[in-house]
Amino acid sequence: MTTLIEVINHGPIRELRLARPPVNALDTELCRHLIQAINQAMADDVHGIVLSGSERIFSAGMDVPHLLSHGEDKHKLLDSWQAFFGAVRTLAECRVPVVAALTGHAPAGGCVLALCCDYRIIARSPDAAHPTVIGLNEVQVGLVAPEGIQRLMRRVVGHHRATTLLVGGEMVPAERALEIGLVDEVVDADLVVARAVAWLQSLLKLPRQPMLLTRTIARADLHEALHADLIQLDRFVEAWYAPDAQQALQGLAARLGKG
């Protein structure tokens, strides 16, 4: 069986590395593997998790060509989105701290995963012409970010700034993301995972139960944001088939096919 999640242990901290070349696009299988990997980490009683990606790309977000391949089969489309939101909820509900080691770009679904983590460390842009970017760019590809996902952005950067970013589908360069609080650190690409492990190690030196209970209280709004009533998957799937959404999605798929 293909390994879609590489497991690397750093003492009591476990790194889960997305491993679906070339861009870690989130298809149904990868999302389900991520759920299993997080659940296994909990069963193994790890004390912290680092979620990482590959060089230059953390995750390109949902695999649009995979989703379009479902055609008019709404049940398959719903299943794919349920797998994604299942992974998002599993990450959000993880009972130990999780750091997003953003080894590269994190658009759309990649950004959603990052927003569910306790701390976000992103790779420094290699140069001004090729910035490492993060953001919820759903509008650009013809989709509407559900209320729950919008809340994830709001809890990190504030209401007004989140609205501006979401409505414009804006992708934010790493250095700007640090300025607005969308990420917590910017470091050289080869140091991202090491810094994530180091941050968790410092957290794990604190009295364990007070730290974990404080974290649970602080993340209550994150769990609430991902309630089914605020995601409304059925409405989301219906909107997928809207003509302007399909036009934008097919255009994206065509560009990806040429890439």
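Here, every reference points to the structure presented above.
What counts as what
- Residues numbered from 1 in each chain as written.
- Predicted model: local features only at pLDDT ≥ 70, side-chain atom pairs only at ≥ 80, totals over all residues.
- Heavy atoms only, no water.
- Buried < 20%, exposed > 50% of the residue type's maximum accessible area, 1.4 Å probe, protein only.
- Helix = DSSP H or I, 4+ residues; strand = E, 2+ residues; numbered from the N terminus.
- Pairing = 2+ DSSP bridges.
- Salt bridge = Lys/Arg side-chain N within 4 Å of Asp/Glu carboxyl O.
- Contact = heavy atoms within 4.5 Å.
- Polar contact = N/O pair within 3.5 Å; in protein donor to acceptor, adjacent residues only side chain to side chain.
- Core = buried A, V, L, I, M, F, W, Y, C linked by side-chain atoms within 4.5 Å.
- Phe/Tyr/Trp six-rings, centres within 6.5 Å; stacked < 30°, edge-to-face > 60°.
- Arc of directions from axis to C-beta.
- Axes fitted to C-alpha atoms, helices over the stretch in contact; angles between N-to-C directions.

A. Focus on the pairing of strand S2 (residues 13–18). Within S2, 5 of the 6 residues are buried, which leaves the element mostly enclosed by the surrounding structure. Here 6 bridges tie strand S1 (residues 5–10) to S2, and the two strands are oriented antiparallel to one another. Counted as the bridge partner of His10 is Ile13 from S2. Between S1 and S2, which pair antiparallel in sequence order, lie 2 residues; one of them, Gly11, sits at a positive phi of approximately 65°. Of the pairings in the sheet, the one linking S2 to strand S3 (residues 48–52) comprises 5 bridges and is parallel in character.

B. Examining the pattern of salt bridges more closely. By the definition in use, this model includes 16 salt bridges. In this structure, Arg17 engages Glu15 in a salt bridge whose closest nitrogen and oxygen atoms are separated by 3.1 Å. Residue class for Arg17 comes out partly exposed when judged on its relative accessible area of 27%. Notably, a salt bridge pairs Arg195 with Glu185, separated by 2.6 Å at the nearest N-O pair. With Arg195 in helix H8 (residues 192–203) and Glu185 in strand S10 (residues 185–187), this residue pair connects regions lying 10 residues apart in the sequence. Here the salt bridges share partners, and the residues they tie into one network are Glu147, Arg151, Arg154 and Glu224.

C. Representation of the environment of Lys74 within the structure. Examined against the element boundaries, Lys74 turns out to sit in helix H3 (residues 74–92). Those residues in contact with Lys74 that lie beyond four places of it in its chain are Val237, Glu238 and Tyr241. Polar side-chain contacts of Lys74 include one of 3.0 Å to the side chain of Glu238.

D. Structural context of the nonpolar core. Residues Ile49, Trp81, Ile134, Met153 and Leu182 are the most contacted members of the largest nonpolar core, which totals 76 residues. For this core, the leading source of residues is H3, giving 9 residues. With 17 residues, the next largest nonpolar core counts Tyr119, Ala123, Leu203 and Leu212 among its residues.

E. Layout of the packing of aromatic side chains. Evaluation of the coordinates by the stated rule reveals 6 aromatic pairs. Ring geometry for Trp81 and Phe84: centres 6.0 Å apart, planes at 85°, overall edge-to-face. With a gap of 3 residues between them, Trp81 and Phe84 both fall in helix H3, about one helical turn apart. Ring geometry for Trp81 against Trp240: centres 6.2 Å apart, planes inclined by 70°, an arrangement best described as edge-to-face.

F. Summary view of helix H12 (residues 233–240). Turning to H12, its buried residues are Leu233, Phe236, Val237 and Trp240. Along the axis of H12, the buried positions cluster into a sector of 100°, meaning they face one direction only. H12 presents Asp234 and Arg235 as exposed residues on the side facing more than 90 degrees away from its buried surface.

G. Main features of the sheet that holds S2. The strand order S1-S2-S3-S5-S7-S10 describes an open sheet built from 6 strands, whose pairing is mixed. Each end of this open sheet is capped by a strand with a single partner; those strands are S1 and S10. For this sheet, the mean angle separating the axes of adjacent strands, direction not counted, is 20°.

None of the figures reported here should be taken as evidence of function without further support.
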